[in-house]
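# Understanding the architecture of this molecule
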Amino acid sequence: MCTGRTTMMSCYGSRVFVLFNYLFIVLTFCASNSNSNNVSGDTTEVPSLELVREVVELTVPVALKPNDINDYREIVLQPYSNTRVHIANYAKNAGKTIGYALVQLNAFEYNVTLSYNSSIVDGGHLTGQNVGLLMYGDGDLYAFNLNPHQAVWVSLVLMLYNTSAPIPGGCNLEFPVEISPILNLTLTPEIIIVDTPAASVAKPFQGPPNGCGKARLEYESYYYSMPAHDFSQQAYFSAIRNMISYVNAKMSGKQNVLHEPFLPNRHKYGRQNGRGMVFVTAVIDPVHRGFALYVPTHTYSCKPLLDAAGCYGLNIPLRLFAIVLTIIAVLEVIMGWLPLVVKCPATVGCLGMLGTVEALNMLDKPLAQEWIIICLVGGAIVGAVFGLLLGLYAPAAGKIFCSFLTGYLICLTLFGMINGNFYSLAHVSWYVALGGIVIGAILNVALPIILITRSVIFGTIFIFYGVNAIVGARLDYPLRHLVRRLYVENYERVYSDPALDENDFVALAAFAITMTVALFLRSRYQTEEVQSDYSRIEFPCHRGPANGDDEDRIERSTVIAADDTAAYQRFVNELPVITRWTNGDDDVFESPESNSRFFRLLRRNAKR
């Protein structure tokens, strides 16, 4: 029992405290029970949005850099987080010399959100890998990473533009935010399309004469190719920084001067497999002498995080086919073993396919790929049949067609390596064909002089493209460039960069080494019977032996070789050629061709 006034007061206080704790426990239990009943149908745990306590501050410096980078940060956004980005000293240091600030948020491989509000509100945020918003004074922006499990490395950039700079995306009709200074990139299986939302003139000049669509604004598109097969974050942010400012874009990037006929804001680029590309558009106001840049955007022409092998061109079936083709071509160079009935149809069949491509391009409209395949197969079959007839009844014409095909491919490759956009030139197909005829004529005249048969040229073509496929290089891209015009609309407006890299140089080196070894082995290939220029098979249309002696018409492989006396004898009108000393005791010269004829005469006499 409680006795005394003081004791009674303390006793009542303790009872009240116990009662309060009891009520608190009961209420807490009821609340938890109610919550568990409310979510009993959904067992998925929803992560709570974490507001990072630290504030990232972008400061406007005292020494302003108009139209350039004024602050740059790289931070990591935690999974499912919201980071406040504070713009400081804008009113203090910018004054009236700065028209607006452009805050850019560039992420690596994951989408992020940049918002004007601390919560995502319709019309107040942009989502993507490369986003940006305009600011006209001190204030806050919010960077969201809505990925619940992945931290994202991002760069924050503060760009300041003067009062005459046009506003990128000021006439935007594509994105939810009224002023959206970002680019719209579309990656297709063949090309990359970069669309630029229309800009508006600077605020001091906005009015009826300079309304959206009426201002005299110009757009320049630049691109930057990342190092081949370098998909690291460092390479990505370095490339982005090289394209943020106008000076960097002009120095580090390359300008694309091609655009759609009636769409100056649309630019197309050829894909570069194994490379990343960064794009940026500069809008220029020539009347008020101002300029500004949109937020750069980027893409990879492959999927490095999902299919790394595809970025290296590791197409196993294609490489196996290329290896078999290269081996056959090497054997052809060494031995010249393929008969004319194989070489002529293959050569003229290839010419039939090329002629079909050029004929279809005259239609000047994109075609379905199914129809293109049918037409190419048909052209190849017609060419192969015509080539077979040439091989049977006009072998000399078959040799000419082989030289023409070689010249055409040489000319096409040279055009593609020098200028990736050669199809933007008028009548370029005729120039390539004329160049092929000239080179083919030179080869046709020069081959008998340099003593190299057409079997070498025939094999060289397939060795070149076979090695290219094995290494995964882009030396064959002029041929692909040729065919893409059939099914890509306005392909002559697509900007293609040859972008030679180490793979291409490895392919060229491998091709040179393979040809050197093959020609060396051919020079040592000294069997008694070696196929002539095209075939050892006699056809009905061929003339018979001049003197009735088939063995005297045996021809030797004609290459530049010290021991190939038959080639030299034909070159000097059958004059005997002495090439080396014998190993006998009498130290006399040996004439191999004369000796071979002597031994054949002995064999004929022995048979009789």
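Keep in mind that this is a model prediction, so the values were computed, not measured. Here the residue index of a chain counts from 1 through its sequence in written order. Only residues with pLDDT of at least 70 are given local features in this predicted model, and only at 80 or more are side-chain atom pairs given and counted; all residues enter the totals for whole chains, interfaces and linings. The basis for the side-chain values is all heavy atoms of the structure; hydrogens and waters are excluded.

## Digging into the nonpolar core
Only buried residues count toward a nonpolar core, which is a set of Ala, Val, Leu, Ile, Met, Phe, Trp, Tyr and Cys residues joined through side-chain atoms within 4.5 Å. Relative accessibility thresholds used throughout: buried, under 20% of the residue-type maximum; exposed, over 50%; partly exposed, between the two (1.4 Å probe, protein chains only). Ranked by size, the top nonpolar core spans 79 residues in total, and within it Tyr90, Val103, Leu105, Val154, Leu156 and Tyr161 carry the most contacts. Top element by residues in this core is strand E10 (residues 152-162). It accounts for 8 residues. A helix here means a DSSP run of H or I that spans at least four residues, while a strand means a run of E at least two residues long, and both kinds are numbered starting from the N terminus.

## Here we look at the environment of alanine 292
Of note, alanine 292 is situated in strand E17 (residues 290-293). Residues alanine 292 and serine 164, 128 residues apart in the sequence, show an inter-C-alpha distance of 9.5 Å. Residue contacts follow a heavy-atom distance rule, with two residues in contact if any of their heavy atoms lie within 4.5 Å. Ignoring any residue separated from it by four or fewer positions in sequence, one finds alanine 292 in contact with Tyr100, Tyr161, Ala165, Pro166, Pro168, Thr281, Ala282 and Val283.

## Examining the state of the cysteines
For the purposes of this analysis, a disulfide is any pair of cysteine sulfur atoms at a distance within 2.5 Å. One pass over the full model with this rule turns up 2 disulfides. With a sulfur-sulfur separation of 1.8 Å, cysteine 171 is cross-linked through a disulfide to cysteine 212. In this structure the cystine formed by cysteine 171 and cysteine 212 twists about its S-S bond by roughly -85°; its chirality is therefore left-handed. Taken together, the positions of cysteine 171 in the loop between E10 and strand E11 (184-187) and cysteine 212 in the loop between strand E12 (191-195) and strand E13 (218-225) put the pair 41 residues apart, joining distant regions of the chain. Each disulfide pairs two cysteine sulfurs, and for cysteine 302 the partner residue is cysteine 311, the sulfurs being separated by 2.1 Å. Because the sign of the S-S torsion sets the handedness, a value of about 105° for the bond joining cysteine 302 and cysteine 311 places this disulfide among the right-handed ones. For the residue pair cysteine 302 and cysteine 311, the accessibility class agrees, reading buried in each case. In this structure cysteine 344 is a free cysteine whose sulfur lies 8.1 Å from that of cysteine 402, the closest cysteine sulfur available. Take cysteine 344: its relative accessible area is 2%, and that puts it in the buried class.

## Things to note about empty space enclosed by the protein
Cavities and pockets were defined on a 1 Å grid built over protein atoms only: a cavity is a set of grid points that admits a 1.4 Å probe from which the probe cannot escape, a pocket is an open set flanked by protein on both sides within 12 Å along at least five of seven lines, and lining residues are those with an atom within 4 Å of any such point. Grid points are joined across faces, edges and corners, and a volume is the space filled by probe spheres set on the points. Taken as a whole, this structure holds 2 cavities of 30 Å³ or more when the rule is applied. Counted as a void, the largest cavity has a volume near 70 Å³. Around the largest cavity sit Gly270, Arg271, Gln272, Arg474, Tyr477, Arg480, His481, Arg484, Tyr491, Ser496 and Asp497, which together line it. Broken down by element, the lining of the largest cavity gets its largest block of residues, 4 residues, from helix H12 (residues 477-484). In the scheme used here, Gly and all other residues not listed as nonpolar or charged are polar, with Ala, Val, Leu, Ile, Met, Phe, Trp, Tyr, Cys and Pro taken as nonpolar and Asp, Glu, Lys and Arg as charged. Residue composition of the lining of the largest cavity, by class: 2 nonpolar, 4 polar and 5 charged.

## Side note on the sheet that holds strand E19 (residues 494-495)
Consider a sheet: its strands pair through backbone hydrogen bonds, and that pairing is either parallel or antiparallel. Here we have 4 strands laid out as an open sheet, ordered E11-E12-E15-E19, and mixed in their pairing. Each edge of the open sheet is held by one strand with a lone partner, namely E11 and E19. DSSP-based pairing: two strands are paired if at least 2 bridges between them are found. Two elements, E12 and strand E15 (residues 266-270), share 5 bridges in a ladder whose sense is antiparallel. Looking at E15, one finds that isoleucine 193 is bridged to lysine 268.

## Digging into helix H13 (residues 502-523)
Multiplying 1.5 Å by the helix residue count minus one yields the expected span of that helix. Its 22 residues give H13 an end-to-end C-alpha distance of 32 Å, which sits within 8% of 32 Å, the value for a rise of 1.5 Å per residue. When H13 is considered as a whole, its buried residues turn out to be Asn503, Asp504, Ala507, Phe511, Met515, Ala518, Arg522 and Ser523.

## A look at the sheet that holds strand E8 (residues 130-135)
Spatial strand order, E3-E10-E5-E8: 4 strands in an open sheet with antiparallel pairing. Where the open sheet ends on each side, the last strands, each with one partner, are strand E3 (68-77) and E8. Put simply, the sheet's adjacent strands are angled 20° from each other on average, direction ignored. In the sheet, strand E5 (residues 98-107) pairs with E8 via 6 bridges, with the strands oriented antiparallel. To obtain an axis, a line is fitted to C-alpha atoms, over the contacting stretch when the element is a helix, and the angle between two such axes runs from 0 to 180 degrees between their N-to-C directions.

## Observations concerning the environment of glycine 124
Locating glycine 124 in the fold gives a position in the loop between strand E6 (112-115) and strand E7 (125-128). Counting along the chain gives 53 residues from glycine 124 to valine 177, while the straight-line C-alpha distance between them is 5.8 Å. For glycine 124, the residues in contact, after removing those within four places along its chain, are Leu114, Ser115, Tyr116, Asn117 and Val177.

## Some details on the pairing of E13
Successive side chains on a regular strand alternate, one facing one side of the sheet and the next facing the other. Burial analysis of E13 places 6 of its 8 residues in the buried class, which makes it a mostly covered element. Summarising the sheet, E13 and strand E16 (residues 276-285) pair through 8 bridges and their orientation is antiparallel. Within E16, the residue paired with tyrosine 222 across the bridge is valine 280. Note that E13 and strand E14 (residues 254-256) share 3 bridges and pair antiparallel. Note that in E14 the partner of tyrosine 223 across the bridge is lysine 254.

## Some thoughts on the packing of helix H7 (residues 340-361) against helix H8 (residues 369-393)
Two elements in contact, H7 and H8, have axes whose closest approach is 6 Å; the angle formed by their N-to-C orientations is 140°. As for how H7 packs across H8, the hand of that crossing is right-handed. Listed contacts from H8 to Leu340, Val341, Cys344, Pro345, Val348, Gly349, Gly352, Met353, Thr356, Val357 and Leu360 of H7 are Cys375, Leu376, Gly379, Ala380, Gly383, Ala384, Phe386, Gly387, Leu388, Leu390, Gly391 and Leu392. Classifying every residue of the contact of H7 with H8 by side-chain character gives 16 nonpolar, 7 polar and no charged. Crossings are assigned a handedness: left-handed for a near helix turned anticlockwise from the far helix by less than a right angle, right-handed for a clockwise turn.

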